[in-house]
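Tertiary structure, described
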Amino acid sequence: MISENLSEIQNSLHSIALECGFEMLGFTEASIPDKDQGNIQAFIDKNYYGSMAWFPERQNIRVSFENLGFSVASCIVLGMVYKPSEESEKSCEAILDSVSKYAWGQDYHQVLKDKAKPLLKYLRSHFPNYKFRQAVDSLPIPEKILARDAGLGWIGKHTILINSNFGSYFFLTVILSEKVLHLIDTEMIAFKMPTKDRCGTCTACIDACPTNAIVDAYQLDSNLCISHNTIELKDPSFDEDTKNHGWVYGCDICQDICPWNKTVARKKNIHSKVEEFKPIQFFSESSEIFHELDEQDFEQAFENSAILRIGYKNWNRNIKQKDTF
Ligand code: B12
Ligand code: SF4
Ligand code: SF4
């Protein structure tokens, strides 16, 4: 029997999440199904993690939630849409096919941490004897698998999580909870999003990827992915053989072509409601975006942006690479 209390807690968390700007929230058990564990292992065995040498490390956290300082019982998974409004897209036309929409606004790691603070405060005050910890890419936690199991959507053939209402232009963050919170009661079922795979026979993302990085449905080789090559490749030297197809930071091709974004979410005018994800000044006001920057100008331009993390040398490398196609 699930106590009435748990249902109230879930409802309150849902209301707080909406107030904080999250569109999606779900609960799931802290466990990774065997089939997914096998897929993660295959990703490692095939070296699909590219230059992210950290990926195969700490597998005990990724698949078993070990060494986190407490025994994790449940995961609260939250989703926040970052898709820019049509107005923002018009004002930033120059970067539409060069800078991924997820990096137009402020650094999502910080934004999602700030936005989730009231949820953590609520949890800690209701359950002072239990531990809670938030992850936004900051822990080796398979966020998409947990999000799928929490009812936020399905993992598409391009390997990104899609929600049938919101499309795929949203970030994920997970709150790990020592307290059991994931049990589903009848009221919560109404909040749940469909998790059924709705890609059907479509292969638009696979066909559109210019580097054939989606080597098979649901399988991505990061070595070939423009997102990886513009963000994760640490070597700042210019390489004529690396073709980023005009992209300078990230890549949106497989998401732009997806009917769940292109048609369904667009018709519903799904876009970010969060001030922090409006384009940063450098993108909305500068007329010289794709010119090389010195360290000081780079740091000023990307002060609150995730782009700051790649450093000015790699930004300049990507600018040079932009024109080689
Ligand atoms: C590593 C990483 C990357 C890598 C690898 C991407 C990938 N597909 O995994 C690179 C650098 C390429 C990348 C790119 C991007 N990323 Co990224 N990334 C991550 C990170 C840190 C880990 C993901 C992970 O564990 N991947 C490993 C694979 C094995 O996991 P998986 O994809 O869930 O695997 C499932 C299937 O794809 C399949 N599978 C995968 N590989 C294989 C291999 C075989 C052989 C088989 C059979 C099956 C299989 O099986 C699994 C399910 O059982 C997460 C944050 C996190 N901590 O989860 C963000 C995250 C996934 N990224 C995100 C974003 C936004 C992006 C980009 C869109 C950014 C951009 N615009 O440039 C692109 C999208 C590229 C793409 N097509 O996926 C968001 C996605 C949000 C969402 N709606 O899903 C996340 C969740 C960050 C966040 N907190 O919001 N990313
Ligand atoms: S992000 Fe770009 S390069 Fe990577 S899989 Fe999608 S379309 Fe291909
Ligand atoms: S483009 Fe088609 S196959 Fe690819 S994720 Fe979207 S619906 Fe699925």
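Summary of the structure given here.

Cut-offs used in this document
- Each residue is numbered by its place in its chain's sequence as written, counting from 1.
- For naming, the first written chain is A and the first written ligand is 1, with later ones following in the order written.
- Local features in a predicted model are, by the rule used here, given only for residues with pLDDT of at least 70; side-chain atom pairs are given and counted only at 80 or more, and totals for whole chains, interfaces and linings are based on all residues.
- Where side-chain values are given, they derive from all heavy atoms of the structure, hydrogens and water being excluded.
- A helix here means a DSSP run of H or I that spans at least four residues, while a strand means a run of E at least two residues long, and both kinds are numbered starting from the N terminus.
- Radius of gyration means the value over C-alpha atoms here, while the globule rule gives 2.2 Å times the residue count to the 0.38 power.
- The rule is simple: take the accessible area with a 1.4 Å probe, protein chains only, and divide by the maximum for that residue type; under 20% is buried, over 50% is exposed, in between is partly exposed.
- Contact criterion: two residues are considered in contact whenever any of their non-hydrogen atoms come within 4.5 Å of each other.
- For Phe, Tyr and Trp, where Trp contributes only its six-membered ring, two rings pair if their centres lie within 6.5 Å, and the inter-plane angle classes them as stacked under 30 degrees, edge-to-face over 60, or tilted in between.
- Sitting over a ring, as applied to charges here, requires NZ of Lys or CZ of Arg to be within 6 Å of the ring centre and within 35 degrees of the ring normal.
- Polar contact criterion, stated in full: a pair of N or O atoms within 3.5 Å, where within protein one must be able to donate a hydrogen and the other to accept it, and residues adjacent in sequence count only if both atoms are side-chain atoms.
- Multiplying one less than the number of residues by 1.5 Å gives the expected span of a helix.
- Picture the helix axis, draw a direction to every C-beta atom, and the arc is the one those directions span.
- Residues are labelled near a given molecule or strand when at least one of their non-hydrogen atoms is within 4 Å of it.
- Put simply, Ala, Val, Leu, Ile, Met, Phe, Trp, Tyr, Cys and Pro go in the nonpolar bin, Asp, Glu, Lys and Arg in the charged bin, and everything else, Gly too, in the polar bin.
- A pair of strands is considered paired only if DSSP assigns at least 2 bridges between the two.
- Comment: axis = line fitted to C-alpha atoms, over the contacting stretch for helices; angle = value between 0 and 180 degrees taken between N-to-C directions.
- In this description, a nonpolar core means a group of buried Ala, Val, Leu, Ile, Met, Phe, Trp, Tyr and Cys residues linked to one another through side-chain atoms lying within 4.5 Å.
- Residue ranges labeled as domains rest on an automatic or database domain assignment.

Points about the overall build of the chain
- What the chain contains, in helices and strands, is 15 helices and eight strands.
- Relative to the globule expectation of 20 Å for 325 residues, the C-alpha radius of gyration of the chain, 20 Å, shows essentially globular dimensions.
- Projecting the C-alpha coordinates of the chain onto the three principal axes gives extents of approximately 60 × 40 × 40 Å.
- Looking at the chain as a whole, 52% of its 325 residues are labelled buried.
- Expressed as a percentage of contacts within the chain between residues at least 6 apart in sequence, the contacts between residues at least 24 apart total 76%.

Structural notes on the packing of aromatic side chains
- The tally for this structure, following the rule as stated, stands at 21 aromatic pairs.
- Here the aromatic rings of Trp 54 and Phe 55 are separated by 5.9 Å at their centres, their planes lie at 50°, and the arrangement is tilted.
- Pairwise contacts between aromatic rings join Tyr 82, Tyr 102, Tyr 108, Tyr 169, Phe 171, Tyr 249 and Phe 277 into one cluster.
- Sitting above the plane of the Phe 290 ring, Lys 322 keeps its charged end 4.8 Å from the centroid.

Observations concerning the side chain of Arg 148
- Mapped onto the fold, Arg 148 is located in helix α7 (residues 143-149).
- One polar contact links Arg 148 to Asp 36, side chain to side chain, over a distance of 2.6 Å.
- Beyond its immediate stretch of four places on either side in the chain, Arg 148 contacts Pro 33, Asp 36, Gly 153, Trp 154, Ile 155, Leu 161 and Thr 195.

A few points about helix α2 (residues 34-45)
- The end-to-end C-alpha separation of α2 is 16 Å, in line with the 16 Å expected for twelve residues at 1.5 Å each.
- Listed in full, the buried residues belonging to α2 are Asp 36, Ile 40 and Ile 44. With its buried residues spanning 85° around the axis, α2 presents them on a single face. Of the exposed residues in α2, the ones pointing more than 90 degrees away from its buried face are Asp 34, Lys 35 and Asp 45.
- Residues of α2 that are buried sit in contact with α3 (59-64) and α7.
- Positive backbone phi, at 60°, marks Asn 47, one or two positions downstream of α2.

Here's the deal with the site of ligand 2
- Lining the immediate surroundings of ligand 2 are Cys 209, Thr 211, Ala 213, Ile 214, Leu 220, Cys 225, Ile 226, Cys 251, Ile 253 and Cys 254.
- Among the residues making up the shell around ligand 2, the classes are represented as nine nonpolar, one polar and no charged.

Thoughts on the sheet that holds strand β1 (residues 24-29)
- Taken in spatial order, the four strands of this open sheet run β1-β2-β6-β3, and their pairing is antiparallel. A strand with exactly one partner marks an edge of an open sheet, and here the two such strands are β1 and β3 (132-135). Strand-to-strand twist across the sheet, computed as the mean angle between neighbouring axes with direction ignored, equals 20°.
- Inspection of the sheet shows β1 paired to strand β2 (residues 74-81) by six bridges, in the antiparallel sense. Bridge pairing links Leu 25 to Leu 78 in β2.
- Running over the sheet, helix α5 (residues 108-115) touches β2, β3 and β6 (170-177) and is turned about 50° from β6.

Structural notes on the nonpolar core
- If you look at the biggest cluster of nonpolar residues, it comprises 52 residues, and the most contacted ones within it are Tyr 249, Phe 283, Phe 302, Ile 307 and Trp 315.
- Here this core takes five residues from helix α1 (residues 4-19), the largest share from any one element.
- Counting the residues that make up this core, at least three belong to each of domain 1 (4-92 + 101-189) and domain 2 (204-322).
- Setting aside anything within four residues of it in sequence, one finds Phe 302 in contact with Ile 280, Phe 282, Phe 283, Leu 293, Ile 307, Leu 308 and Trp 315.
- Counting residues in hydrophobic clusters, the runner-up holds 34 residues, among them Tyr 49, Leu 68, Leu 139 and Ile 270.

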